[in-house]
Amino acid sequence: MARKIKFTLLLFAMFCISFTACSKENDQLEQPPLSESKIKGAGFYAGVHFLTGKRYDKCLYLRDNGTYTTDFASNDWRTKVDGKYTISGNILNLTSNTGYEQTLKYNATFDKIDGSWRFFKLEIGNRVPEGKFEYENVDYSMDDSPHGSNIAGGNQSFFYFNGKGSFSNDIENYVSISGDNVGGGSSSSQHLFGTYTVKDAVLTLKYNNGTTKTHAFFYRIDPQNNNTMVVLDGKIYFPAD
């Protein structure tokens, strides 16, 4: 009898684990779709800031409920709350969860935000514009001592989307060292390709080596010159030559 009870409890525990796992999968699948904001000035924005030779990419998701997030690389960016915001006229006021306050200004058409950063409004990724796009980041470390050395490292990533569901991705990484008594460096590169699909700001890349990756995806087509930039996980890719 005791053995039968133990077996029943084991089956029940296995059922609970299975039900929990299915619920988590369903929660991910049943997330409400993104839609255009009903509040003027809300939506998705991205910008780049350079400081002392370093590049910083930053994004804003201003929700209709008055909360925002800047972390598009997180899996929970749809619901993650980094703070609250208010819009008064063309002034955007951000208050982070830590209490840091920032004031930014919209332009007349509310498709740009000016401040220490300049943000551009993005479109929700339900299509991938055709073209080649580049992300590049370089980091310097300088030693001003008499016999110090300087170190520079960086990476480049190129994406080409053919507009028909195929892509290629070239990645380059490099490090160089220079100084009075030292010099050299190293580099590496990868050429990857595969197919893609996009829906509701989720870009799914299926590489030919069997790997599958998903990214938060947005884009912007400049209304004046038709230049396009795409945003993957908060990193901004500009048109490449």
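Positions within a chain are numbered from 1, following the residues in the order the chain's sequence is written. Local features in this predicted model are restricted to residues of pLDDT 70 or higher, and side-chain atom pairs are both shown and tallied only at a pLDDT of 80 or more, whereas totals for entire chains, interfaces and linings draw on every residue. Excluded from the side-chain calculations are hydrogens and water; all other atoms, namely the structure's heavy atoms, are used.

Attention now moves to the overall build of the protein. When you go through the protein residue by residue, the secondary structure sums to one helix and 17 strands. Residue exposure (1.4 Å probe, protein chains only): buried if accessible area is under 20% of the type maximum, exposed if over 50%, otherwise partly exposed. For the protein, buried positions account for 35% of its 241 residues. Between two residues, a contact is recorded if the distance between any of their heavy atoms is within 4.5 Å. A fraction of 46% describes how many contacts in the protein between residues 6 or more apart in sequence connect residues 24 or more apart. Here the protein displays about 15,000 Å² of accessible surface, and carbon together with sulfur accounts for 53% of that area. Going along the chain from the N terminus, every DSSP run of H or I of four or more residues is numbered as a helix, and every run of E of two or more is numbered as a strand. Here the open area of atoms and residues is found with the Shrake-Rupley method and a 1.4 Å probe, where only the protein chains shown may cover a residue.

Turning to the pattern of salt bridges, a few remarks are in order. Oppositely charged side chains are able to pair whenever their charged atoms sit close together. Any carboxyl oxygen of Asp or Glu that lies within 4 Å of a side-chain nitrogen of Lys or Arg is treated as forming a salt bridge with it. This model, assessed by the stated rule, comprises five salt bridges. K80 is the partner of D71 in a salt bridge, and the nearest nitrogen-oxygen pair spans 2.8 Å. The shortest N-O distance in the salt bridge between R220 and D111 comes to 3.6 Å. Here R220, found in strand β15 (residues 212-221), pairs with D111, found in the loop between β6 (101-106) and β7 (112-114); they are 109 residues apart in sequence, far enough to count as distant. As far as the burial class goes, R220 and D111 line up, both buried.

As a further point, take a nonpolar patch on the surface. Residues I151, V175 and I177 make up a contiguous nonpolar surface patch of about 200 Å² in total accessible area. In this structure, V175 sits in strand β12 (residues 166-179). For V175, a relative accessible area of 38% puts it in the partly exposed group. Residues enter a patch when their relative accessible area is above 30% and they make no salt bridge; the linking distance is 9 Å between like charges and 5 Å between nonpolar side chains (Val, Leu, Ile, Met, Phe, Trp, Tyr).

Our next topic: the confidence of the model for the protein. Every residue is assigned a pLDDT by the predictor, reflecting its confidence on a scale from 0 to 100. Predicted confidence across the protein gives a mean pLDDT of 82, with 79% of residues reaching 70 or more. In the model, residues 1-30 has pLDDT below 50 throughout and makes zero contacts with residues more than four positions away in sequence or in other chains.

Moving on, we come to the packing of aromatic side chains. Side-chain rings of Phe, Tyr and Trp, where Trp is taken by its six-membered ring, are said to pair if the distance between their centres is within 6.5 Å; with planes under 30 degrees apart they count as stacked, over 60 as edge-to-face, and otherwise as tilted. Taken as a whole and judged by the stated rule, the model has 18 aromatic pairs. A ring pair is formed by F159 and F167, whose centres lie 6.1 Å apart and whose planes are at 45°; its orientation type is tilted. Classification of F159 as buried rests on a relative accessible area of 5%. Through a chain of ring-to-ring contacts, three or more aromatic side chains come together here, namely F133, Y135, F159, F161, F167, Y196, Y207 and Y237. The ring of F158 is capped by K132, whose NZ or CZ atom sits 5.1 Å from the centre of that ring. Should the NZ of a Lys or the CZ of an Arg lie within 6 Å of a ring centre and within 35 degrees of the ring normal, that charge is described as sitting over the ring.

Reported here for the second largest pocket is a volume of approximately 330 Å³. Method remark: on a 1 Å grid restricted to protein atoms, a set of points is classed as a cavity if a 1.4 Å probe fits but cannot get out and as a pocket if it is open with protein on both sides within 12 Å along at least five of seven lines; lining residues have an atom within 4 Å of a point. Considering the residues around the second largest pocket, the lining is formed by 18 residues, among which S157, F159, H215, K235 and Y237 are closest to the centre. At the level of elements, β11 (149-161), β12, β15 and β17 (235-239) are the ones that each hand at least two residues to the lining of the second largest pocket. Counting residues per element, the lining of the second largest pocket draws most heavily on β11, at four residues. By residue class, the composition of the lining of the second largest pocket is seven nonpolar, eight polar and three charged. Grid points are joined across faces, edges and corners, and a volume is the space filled by probe spheres set on the points. For this classification, Asp, Glu, Lys and Arg are treated as charged, while Ala, Val, Leu, Ile, Met, Phe, Trp, Tyr, Cys and Pro are nonpolar and the rest, including Gly, are polar.

Our focus in this paragraph is the environment of D71. Inspection of the secondary structure puts D71 in the loop between β3 (67-69) and β4 (83-88). With 163 residues separating them along the chain, D71 and G234 place their C-alpha atoms 7.1 Å apart. In contact with D71, not counting residues within four places along its chain, are W77, K80 and D82. Within the local environment of D71, its side chain forms a polar contact with the backbone nitrogen of A73, the two atoms lying 3.3 Å apart. Polar contacts here mean pairs of N or O atoms no more than 3.5 Å apart (in protein, one a potential hydrogen donor and the other a potential acceptor; neighbouring residues in sequence count only if both atoms are side-chain atoms).

The phi angle at A201 is positive, at roughly 70°, despite the residue not being glycine. Along the polypeptide, A201 turns up in the loop between β13 (183-199) and β14 (202-207). Backbone geometry places D233, a non-glycine residue, at a positive phi of 55°. Residue placement: D233 occurs in the loop between β16 (228-232) and β17.

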